[in-house]
Each structure stands twice: as structure tokens, then as C-alpha cells.
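Below, each chain spelled out in residue letters.
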Amino acid sequence: MAKPTEQLISQLQSRLDRAAILVGEAIDPRYGDDLSGKPGERPEVVLRPRYTSDVAEILKACNAACQPLVIQGGRTGLSGGARVLAGEVVLSLERMTSLGEVETTASTIIAEAGVPLQAAQEKADAAGFVFGVDIGARGTATIGGNISTNAGGIRVLRYGNFRTQVLGVEAVLADGSVVSSLKGLAKDNTGYDLSHLFIGSEGTLGVVTRACLRLHPKPISQAVAFCALPSLEKAMALLQFLRARLGTLLSGFEIIFDPLMSEMTEALGLQAPVPLTTPVYVLTDIQGMSPETDETVFAEALGQAIEDGMVSDAVVSQSEREFQALWALRDDCNTYLFGLGPMLSLDVSLPLPRMGEFLARARTTQNSVDATARDYIFGHLGDGNLHYCVVTERPDAVAEAVFGCVAQAGGSISAEHCIGLNKKSYLHLSRSDAEITAMRRMKAALDPNNILNPGRIFDMSA
Ligand SMILES: Cc1cc2nc3c(=O)[nH]c(=O)nc-3n(C[C@H](O)[C@H](O)[C@H](O)COP(=O)(O)OP(=O)(O)OC[C@H]3O[C@@H](n4cnc5c(N)ncnc54)[C@H](O)[C@@H]3O)c2cc1C
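Predicted, not measured: the structure shown is a model, and the values here were computed from it.

### Describing the overall build of the chain
- If you tally the helices and strands in the chain, you get 14 helices and 17 strands.
- Since a compact globule built from 462 residues should have a radius of gyration of about 23 Å, the 23 Å found for the chain is in line with a globular shape.
- Principal-axis analysis of the C-alpha atoms gives the chain an extent of 75 × 55 × 45 Å.
- Each of the 462 residues in the chain was classed as buried or not, and the buried ones make up 52%.

Dropping the structure here:
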């Protein structure tokens, strides 16, 4: 692929501030890849706009020069979407970090694309609200990256995924035109909802520059339970039972299978909340508005679950400190797994009634490909979403085997980590030819020169 031309760079130098353009040795190697485990190319140019108008200037010039760009937020993506390919210029949103004040009447906040998720969460909290998405990479992942990947996380059960939190998006199209929908209107049926085009489309249709985000009332009571369970079936039964018994009080329902739980606690030197003697563990919590009754209702429901044999053992948080300490076990799963070094990391979703059948078939198939493979499984059971990580010498063959089982069970090969570069060869397992053709048409209409994140999700030629 051709190098970015001197002419393009000098053209941009005349339009952007000095800090907006990094070239050659000034470029830190961290701009080359994301956290998906494969090394990217070292970019020759990194563009760091400060304003939406800068992004518009950059895209106009790059489009005229047919210069491909890779868009970067916090580079915490796990599918290679922000990884640099040869010849690409990096467009990093890291300097677009303005965060507006909370609009308390409408319960909204406007954030620039480079704002870290945690900053938006903290600003909402200080104003008496909660932001509905939480993920382990909250400190580094950005609002723009979250929108482009339609991030999920531990609160989807209660508030929905990122799409549900977005009232409107401002984005710059490949030709430099700006489309903006930041009025914060809950209802606006005036033609196509362009904002939704940019949510989950992995930067292939436009560059997200700002968003109007929805906030929720901050809960005033909360408690989390760590439960040991005899089987996945009992975990499903517990989910169904707590949903019926607690309604919207139920806020999270995460699963951790062994050996991950016992290996992780041992390796990180953690004290297990209960003796680790069962194959399945669940972290489940409530968030409500009635402190005098919520925790009692939760404790009674868990007591009933133990009596009915769904739960073998459980610990419930009695303070904010215990709440945070139990939830930290969920983030510890990522810490432990990242520490194990390169591994196959899949993120699949299944229809809940077929999850058990999937797991049994996947294990058998995986073992037939690599008998020494070791899997570590955890995830957002409330959303039918499992993070399926495998230490294996044959990652490609195991991925193909497990994805085949996902397709057979009617699931999705990517629940929340998207397709990026890493999973595009499997896209056909989750999307039909007609769907992929429609996606290509949309891409061609909005980015005819294929300059925005080319080759992510799918290639333009079949
Ligand atoms: C420890 C850990 C835990 C995680 N937990 C979760 C989880 O629970 N749920 C979940 O969904 N994900 C999770 N992730 C994955 C990752 O954090 C999310 O995908 C996140 O939304 C990526 O945000 P980012 O700013 O880092 O984006 P990047 O990695 O920089 O980019 C991701 C994609 O979005 C595009 N992009 C970035 N910014 C823009 C923009 N402004 N406009 C257009 N396109 C853009 C990029 O080109 C790329 O294709 C986790 C990752 C880690 C490391």
C-alpha cells in the first residue's frame, strides 16, 4: 500500500495545530495495535484532532487523496479493529476529551469521543445519576470506542447495551461532512436515525466525534451476592427465579466457571468468598431505591434459592467495601487471563436454552482439535454472553471448531467485542449473504473510496 504523501501531510499541517500531527520517530509504538493480541504496523503518521472541524478537515483531505485511516479511541478493543495495517494513517480521538455538564432535567450529558468511560461514569455519579454501561476497561476505553463497538458489560441486564444509552451522535463522514444529532430528544421520527448507523459499526461508516448520552437515577441501595452452584442448569434456574422474584431490582448476573475461579484466586493470592468446591460461580447484584426493604428482599430470595437447591453456598455484601471487593473478582478474571499471555479469546452469545448443549459440544470438538487445550469461561450469563478463552497451540483450528458449535446452537460469534480484523473470516457464520451484501452497499454509499477502517468487519470485494 502507498505511503501517506508529503503533500497530504503539509496540507494538514497548514490546517491543524502542531500537536495534532505526529510523524516518524515522534510516534509511540503503542499506536500500532489494540489489546487483541496481534502486533500491528508502526504507523508513519498519527493525526490527533482537537475539534470536530479538525476531523472534517482530515477526512476531506484523506478522502481526496484516497488515504486509508484507522480510527483509535482507547485501543482496548479485543478484535483488532484499531490495529494498524500497512499504509494506514492513525486518526486518534485522544485529544477530544471535553465532557459537558449533566443536564439534570433531561438526564443527559454530552461527551466528546475521546472521553474515557470512567470519566463519564464519575461525572454522572457526582450529579446523582448512574451511567448504564460498565466494562472492565472503563479507565481507558473511550465513549467513541464504546459507541463504535456497542459495548456491553456487566449492566446490560438492567440498562441495555451502549446503543440504549445513546440519544444522539455527531459523526464525520468520509467526505468530511458532519452529521449531528445532539438535541437530546427522546423522540425524533424524522426520517432515518443516522446516529444508530455509527453504533456498533466499528468506525467503518464515519468517525464519532460527540454523543448525547442518557443517564439513569442513581440507586440508593445495593448488594451483591457471590454464589457457588452445582451446575450451569442451576445457574439458569437461579437467573429465572431472581428475575421473577426481584424484577428490575436485579441488576447484574455474571458467571465464572471453574477452573478459572480457583486458579485465579490462587494465582492472585485472593481469599475466596466461599470454599471453591463447585463447578460454577455467580456474582449477582441488586440496585434499588428502597434501602429499608431491598436487601431483605434479596436475602430472602437467596435463602429460598439455597433451600430449593439452586445455590450450594452464598455470601452477601454487608457494606460498600464488601460490595466493591466481591465485584472486583469479576475484573480479576481479566487480570488473571491477560497475565497468562497470548490465548484464544472468543466472545460468543447463545440462546440461553441451548447454552448447556453448546458448552458440551464445544468442549468435545475443541478437544478433538487440541487434546491439551485448556478453557477458561466466564461472562454475562444474564445476556447469554460467554467469554470463551482457550490456551492452545492451535488457536485458529480451535476457533473454527468452537465457532462452528456457536453457529449450530443458533448463537453469535461476537456478542460484544465485535468483528474487527480478527473475526471477519467467520462473519458468514452469524450473518447471511444478503446481510453482508447490504452492509457492503451501505459502506460503499457512505465511504466510496473505502478510507475508513478498511477491511474491518468485511472486505469490500466478496
Ligand atoms: C479488561 C477489558 C475488559 C473488557 N470488557 C468488556 C466488556 O465487558 N464489554 C465490552 O463490550 N467490551 C469489553 N472490552 C473491550 C473494549 O474495552 C471495548 O470494545 C471498548 O468499547 C473499546 O473502546 P476503545 O475506546 O478502547 O476503542 P478502540 O479499541 O480504540 O477501538 C475499537 C473500535 O472502534 C473504532 N473506534 C474507536 N473510536 C472511534 C470513533 N471515535 N469513531 C469511530 N470509530 C471508532 C476503532 O477503529 C475500532 O474498530 C474489554 C476490554 C478489556 C481490555
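### With respect to the site of the ligand
- Neighbouring residues of the ligand: 37 residues in total, closest Ile-71, Gly-73, Thr-76, Thr-142 and Asn-453.
- A distance of 2.8 Å separates an oxygen atom of the ligand from a polar atom in the backbone of Gly-77.
- Between an oxygen atom of the ligand and a side-chain N or O atom of Asn-453, the distance comes to 2.7 Å.
- Relative to its free-state accessible area of 980 Å², the ligand is covered by the protein chains to the extent of 96%.
- When residues of the shell around the ligand are traced back to their parent elements, those giving at least two are β3 (69-72), α4 (143-149), β9 (207-214) and α11 (320-339).
- Among the elements that make up the shell around the ligand, the one with the highest residue count is α4 (five residues).
- Among the residues making up the shell around the ligand, the classes are represented as 13 nonpolar, 21 polar and three charged.

### Concerning the pairing of strand β5 (residues 108-112)
- β5 sits mainly inside the fold: four of its five residues count as buried.
- Sheet topology places β5 next to β9; five bridges connect them, and they run antiparallel. The partner of Thr-108 across the bridge, within β9, is Arg-214.

### Structural notes on the sheet that holds strand β1 (residues 21-23)
- Taking strand neighbours across the sheet as the criterion, the four strands line up as β1-β2-β4-β3 in an open arrangement whose pairing is mixed. Since the sheet does not close on itself, it has two edges, and those belong to β1 and β3, each with one partner. Neighbour-to-neighbour, the strand axes of this sheet turn through a mean angle of 20°, independent of strand direction.
- Where strand β2 (residues 45-47) and strand β4 (residues 89-92) come together, two bridges link them in parallel fashion. Counterpart to Val-46 in the pairing with β4 is Val-90.
- Helix α1 (residues 6-13) contacts β1 and β2 of the sheet and is inclined by roughly 145° relative to β1.

### Some words on the domain arrangement of the chain
- If you check the domain split of the chain, you get domain 1 (4-92), domain 2 (108-217), domain 3 (221-338) and domain 4 (344-419).
- Distance from the C-alpha centre of domain 1 to the C-alpha centre of domain 3: 43 Å.

### A word on the nonpolar core
- In terms of nonpolar packing, the biggest core is built from 54 residues, with Leu-238, Ile-255, Phe-358, Leu-359, Leu-386 and Tyr-388 touching the most fellow members.
- For this core, the leading source of residues is helix α8 (residues 232-246), giving eight residues.
- Of the residues that make up this core, three or more belong to each of domain 3 (221-338) and domain 4 (344-419).
- Dropping the residues within four chain positions of it, Leu-359 is found in contact with Leu-232, Phe-257, Ile-377, Leu-386 and Tyr-388.
- Ranked by size, the runner-up nonpolar core spans 27 residues in total, among them Ile-109, Leu-117, Ala-120 and Val-166.

### As for the pattern of salt bridges
- Summed over all chains, the structure comprises 20 salt bridges.
- In this structure, the salt-bridge partner of Glu-112 is Arg-50, at a minimum N-O distance of 3.0 Å. Here the residue Glu-112 occupies a position in strand β5, and Arg-50 occupies one in the loop between β2 and α2 (52-64), the gap between them amounting to 62 residues.
- Residue classification places Glu-112 among the buried residues on the basis of a relative accessible area of 10%.
- Note that Arg-361 and Glu-357 form a salt bridge whose closest N and O atoms lie 3.6 Å from each other.

### Quick notes on the side chain of Thr-278
- Here Thr-278 lies in the loop between α9 (260-268) and β13 (280-288).
- Among the polar contacts made by the side chain of Thr-278, one reaches the main-chain carbonyl oxygen of Leu-229 at a distance of 3.5 Å.
- Separated by 3.3 Å, the side chain of Thr-278 and the backbone oxygen of Val-280 make a polar contact.
- Discounting chain neighbours no more than four positions away, the residues touching Thr-278 are Ala-228, Leu-229, Asp-258 and Ser-312.

The rules we used
Residues numbered from 1 in each chain as written. Predicted model: local features only at pLDDT ≥ 70, side-chain atom pairs only at ≥ 80, totals over all residues. Heavy atoms only, no water. Helix = DSSP H or I, 4+ residues; strand = E, 2+ residues; numbered from the N terminus. Rg over C-alpha atoms; globule rule 2.2 N^0.38 Å. Buried < 20%, exposed > 50% of the residue type's maximum accessible area, 1.4 Å probe, protein only. Near = heavy atom within 4 Å. Polar contact = N/O pair within 3.5 Å; in protein donor to acceptor, adjacent residues only side chain to side chain. Areas by Shrake-Rupley, 256 points an atom, 1.4 Å probe, with all protein chains shown as cover. Nonpolar A, V, L, I, M, F, W, Y, C, P; charged D, E, K, R; others polar. Pairing = 2+ DSSP bridges. Axes fitted to C-alpha atoms, helices over the stretch in contact; angles between N-to-C directions. Contact = heavy atoms within 4.5 Å. Domains from an automatic or database assignment. Core = buried A, V, L, I, M, F, W, Y, C linked by side-chain atoms within 4.5 Å. Salt bridge = Lys/Arg side-chain N within 4 Å of Asp/Glu carboxyl O.

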